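# Examining the three-dimensional arrangement
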Amino acid sequence: MTKNSAFRALVIDDEPLAREELCQLLNETNEVQVLAEAANAIEGLALIKQHRPDVIFLDIEMPQLSGLDMLAMLDLDTMPYVVLVTAFEQYALQAFEDNAFDYLLKPVEPERLDKTLARLKKRTQPQTDIDAIASPTLVHIPCVGHQRILLLPESDIQFAYSDVAGVHVRSLEQQADTQLTLKTLEERTALVRCHRQYLVRLSCVGEIKLLDNGLATLLMKTGDSVPVSRRYLKKLKSLLTL
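Remember, it's a predicted structure, so these values are computed and weren't measured experimentally. (Residues numbered from 1 in each chain as written. Predicted model: local features only at pLDDT ≥ 70, side-chain atom pairs only at ≥ 80, totals over all residues. Heavy atoms only, no water.)

### Observations concerning the sheet that holds strand 2 (residues 32-38)
As summarised here, the arrangement of the five strands in space is 2-1-3-4-5, forming an open sheet in which the pairing is parallel. Two strands bound the open sheet, and with one partner strand each, they are strand 2 and strand 5 (102-105). Adjacent strand axes in the sheet meet at a mean angle of 25° when their direction is disregarded. In this structure, strand 4 (residues 81-86) lies alongside strand 5, joined through four bridges in parallel fashion. Among the inter-strand pairings, Thr86 is bridged to a residue of strand 5, identified as Leu105. (Pairing = 2+ DSSP bridges. Helix = DSSP H or I, 4+ residues; strand = E, 2+ residues; numbered from the N terminus. Axes fitted to C-alpha atoms, helices over the stretch in contact; angles between N-to-C directions.)

See the structure below:
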């Protein structure tokens, strides 16, 4: 691993030559530390549990258990980022529907791999000032209900979350529903992602409780508890201690 390596990775592919080529490409980027390789999905599942990587590069067509089958077995809250790698383009749509982060066609081109790593860095690093200029911060959050639109000050929102009923925002005084997506709120407010379904305002976190399974819970000033996925825990702890 070089000093610039940003991601800890596993490569899972039943073809030895394909694994070797991809590992070489990853090492040459100086962005990735390949922790281990697996020749099938069963070995891959064991390695994920052992190493807890940031990202896995996963072949789709493998004997006994396919990459898509393996992807469906991973816990959405704790799974690493998954980049599917295959020679068959027809899998692309299903890959994204099944929560894959990205999709690479074999033979993997270095330029395309660089784009995947750039997207990973953008997803896992705090928003920069340039990003903020490109996506102006919302001053008010439009919320709906009772045949009216309520404009809640963005600074009042302690956390936001989504469920089957939609997206909800919570302030100290009230909870409201909004038609904005969590992605929009993440990009255009000061709220920070802590879970696939939750965003929080760091200044409103009263306490962080670390759990035995690598997860955590945030105790907000509203009295609510907000879950933290393992994927976001390291970044969140660093931001809370700044």
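### Structural notes on the pattern of salt bridges
Scanning the entire structure with this criterion turns up ten salt bridges. Here Lys121 and Glu31 are joined by a salt bridge, their closest N and O atoms 3.4 Å apart. With Lys121 in helix 5 (residues 110-124) and Glu31 in the loop between helix 1 (16-29) and strand 2, the pair connects residues that are 90 residues apart, well separated along the chain. As a salt-bridge pair, Lys106 and Asp59 come within 3.4 Å of each other at their nearest N and O atoms. Here Asp59 lies in strand 3 (residues 55-59) and Lys106 lies in the loop between strand 5 and helix 5, a separation of 47 residues in the sequence. Beyond isolated ion pairs, a larger network of salt bridges with shared partners links Asp13, Asp59 and Lys106. (Salt bridge = Lys/Arg side-chain N within 4 Å of Asp/Glu carboxyl O.)

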